[in-house]
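So the chains spell out like this:
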Amino acid sequence: MGKKVTVVGAGFYGSTTAQRLAEYDVFDTVVITDIVEGKPAGLALDLNQSRAIEGFETKVVGVTTGPNGEGYEAIEGSDVVVITAGLPRKPGMSRMDLLETNAKIVRQVAENVAKYAPSAVVIVVSNPLDEMTALAQIATQFPKNRVLGQAGMLDTARFSNFVAEALNVPVASVRTLTLGSHGDTMVPVPSKSTVNGKPLRDAMPAEQIEELVVKTRNGGAEVVALLKTGSAYYAPSAAAARMAKAVAEDSGEVMPVCAWVDGEYGISGVYLGVEAEIGAEGVKRVVETDLDADERASLLAAAEAVRAKQSDISSM
Ligand SMILES: NC(=O)C1=CN([C@@H]2O[C@H](COP(=O)(O)OP(=O)(O)OC[C@H]3O[C@@H](n4cnc5c(N)ncnc54)[C@H](O)[C@@H]3O)[C@@H](O)[C@H]2O)C=CC1
Ligand SMILES: CC(=O)C(=O)O
């Protein structure tokens, strides 16, 4: 049987994710859905017309879904579902300002995913990310390893890009890592960051690293402020699409993702940004990394901040 992926939400994030997934040519079918009449079908038509130029065989199917789950039969048999449905931030808003509105949307979507694609791995991207990931697991009642969130890949890519630009080196020579939340308690990890295999801390002064850490934490807000409407989608869709590909290929790649943490770092019972091995069952294993005392303390603080918010989620 060929692989099938569904992207829920045909806005900026969803449509660019669908495009990347189709162009990988590892899925037989990419389904894209939205509540807006005609938009998913129009995007599918357009993407399919690029197949002869880009050289991929994946078929894209666009479906408009209704308030009572109409149309969701189209997602049956999906191996992966990426949930991008929800409002993006406006300039000046925090991701947390989206909580109540997006919780209603993500719950409705997740309940339909549970009904129509009960074996899927769910990758959540809707904001606020850590909370929406926890909510999707509650609403689907899927095993916790089969529900994960995208944030760490993006935040790490931003950190790497800022380091490469600051040092004027190829981005491929830079390795960085971010853990923690996709918000104020994000934890960029300089101790695990390298340039050409050498510690970042040998490549630039501590004050400059701290500036880039702050810039990484504000990476999303900086894009929102420039765009005026909507939020980032090129780098975010690259991250979510890579995660979906790792699931489809059962690759076992280690990626920073929002995963259920159960004992690692002495933290339990919370969805949090950590490194994890990704495969057909979603998270195969959370990978614990050695951290400096400061970084470990920041990760524990992030876990408690996210836990406090996630405990409000079950009633939403
Ligand atoms: N985790 C991350 O790193 C990132 C998360 N995001 C988040 O992703 C979400 C989507 O962002 P964009 O695509 O830029 O926004 P957008 O406004 O372009 O698209 C959102 C789409 O969701 C659709 N939608 C709303 N309710 C729906 C439902 N019940 N079922 C299906 N579709 C529904 C809307 O009609 C719209 O087309 C936002 O919450 C944003 O904050 C964005 C970038 C990075
Ligand atoms: C929107 C968002 O979460 C970001 O760009 O990081």
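Each value, and the rule that gives it
Here the residue index of a chain counts from 1 through its sequence in written order. Chain letters and ligand numbers both follow the written order, the letters beginning at A and the numbers at 1. A pLDDT threshold of at least 70 governs which residues receive local features in this predicted model, and a stricter bar of 80 or more applies before side-chain atom pairs are shown or counted, although totals over entire chains, interfaces and linings include all residues. Side-chain numbers come from the whole structure's heavy atoms, not from hydrogens or water. UniProt positions are given in the numbering used here, feature names are shortened, and annotations may be inferred rather than shown by experiment. Helix numbering and strand numbering both begin at the N terminus, where a helix is a DSSP run of H or I of at least 4 residues and a strand a DSSP run of E of at least 2. The atom set for the radius of gyration is the C-alpha atoms, and the globule formula is 2.2 Å times the number of residues raised to the power 0.38. Throughout, exposure labels follow a simple rule: accessible area from a 1.4 Å probe, protein chains only, divided by the maximum for the residue type, with under 20% read as buried, over 50% as exposed, and the rest as partly exposed. Accessible surface is estimated by sampling points in the Shrake-Rupley manner with a 1.4 Å probe; for residues, cover comes only from the protein chains shown. A positive count includes Lys and Arg, and a negative count includes Asp and Glu. His and the chain ends are not counted in either. Here the site of a charge means NZ on Lys, CZ on Arg, CG on Asp, or CD on Glu. In the analysis that follows, any N or O atom pair within 3.5 Å is treated as a polar contact, provided that within protein one partner can donate a hydrogen and the other can accept it, and provided that, for residues neighboring in sequence, both atoms belong to side chains. Throughout, a contact is declared for two residues whenever any of their heavy atoms are within 4.5 Å. pLDDT runs from 0 to 100 and stands for how confident the predictor is about each residue. The rule for pairing is simple: two strands pair if DSSP sees at least two bridges between them. A fitted line through C-alpha atoms represents every axis, and for helices the fit uses only the stretch in contact; the resulting angles, taken between N-to-C directions, go from 0 to 180 degrees. Roughly parallel here means an angle under 35 degrees, roughly antiparallel means over 145, roughly perpendicular means 65 to 115, and every remaining angle is called oblique. For any pair of crossing helices, the crossing counts as left-handed if the nearer helix is rotated counterclockwise from the farther one by less than a right angle, and right-handed if it is rotated clockwise. Residues are grouped as follows: Ala, Val, Leu, Ile, Met, Phe, Trp, Tyr, Cys and Pro are nonpolar; Asp, Glu, Lys and Arg are charged; all remaining types, including Gly, are polar.

- Per an unreviewed UniProt entry, the chain is named Malate dehydrogenase, and its organism is Micromonospora tarensis.
- Recorded in UniProt for the chain, the comment headed Sequence similarities (unreviewed entry) runs: "Belongs to the LDH/MDH superfamily. LDH family."

## A look at the overall build of the chain
Okay, step 1: Each helix and strand counted, the chain has eleven helices and 14 strands in total.
Okay, step 2: Relative to the 2.2 N^0.38 estimate, which gives 20 Å for 316 residues, the radius of gyration of the chain is 19 Å and therefore close to what a compact globule would have.
Okay, step 3: C-alpha atoms of the chain, sized along the principal axes, occupy 55 × 45 × 40 Å.
Okay, step 4: Within the chain, the fraction of its 316 residues that count as buried is 53%.
Okay, step 5: Roughly 13,600 Å² of accessible area belongs to the chain as shown, and the carbon and sulfur atoms make up 52% of that amount.
Okay, step 6: Averaging the positions of the 29 positive and the 40 negative side-chain charges in the chain gives two centres separated by 1 Å.

## As for the side chain of Thr289
Okay, step 1: Among the secondary structure elements, Thr289 is positioned in the loop between β14 (282–287) and α11 (293–313).
Okay, step 2: Side-chain polar atoms of Thr289 contact the side chain of Glu275, separated by 2.7 Å.
Okay, step 3: When sequence neighbours within four positions are dropped, the list of residues in contact with Thr289 reads Lys192, Tyr265 and Glu275.

## Considering the confidence of the model for the chain
Okay, step 1: Across the chain, the average pLDDT comes to 96, with 100% of residues at 70 or higher.
Okay, step 2: Here the predicted complex scores 0.97 on pTM and 0.99 on ipTM.

## What to know about the pairing of strand β13 (residues 268–279)
Where a strand is regular, its side chains alternate between the two sheet faces.
Okay, step 1: β13 sits mainly inside the fold: ten of its twelve residues count as buried.
Okay, step 2: Between the end of strand β12 (residues 253–262) and the start of β13, which pair antiparallel, lie five residues, with Gly263 showing a positive phi angle near 115°.
Okay, step 3: Relative to β14, β13 runs antiparallel, the two being bridged by five bridges. Paired with Ile278 across the strands is Val283, a residue of β14.

## Side note on the UniProt feature "domain: Lactate/malate dehydrogenase C-terminal" (unreviewed entry) in the chain
Okay, step 1: The UniProt feature table records "domain: Lactate/malate dehydrogenase C-terminal" (unreviewed entry) at residues 154–308.
Okay, step 2: Here residues 154–308 is 45% helix and 26% strand, with 24 Å between the C-alpha atoms at its ends.

## Focus: the packing of helix α6 (residues 152–167) against helix α8 (residues 206–217)
Okay, step 1: Two elements in contact, α6 and α8, have axes separated by 9 Å at closest approach and are oriented at 140°. Between α6 and α8, the angle is such that the two are oblique. As for how α6 packs across α8, the hand of that crossing is right-handed. On α8, the residues touching Asp155, Phe159, Phe162, Val163 and Ala166 of α6 are Gln208, Leu212, Val213, Lys215 and Thr216.
Okay, step 2: For the contact of α6 with α8, a count of residues per class yields six nonpolar, two polar and two charged.

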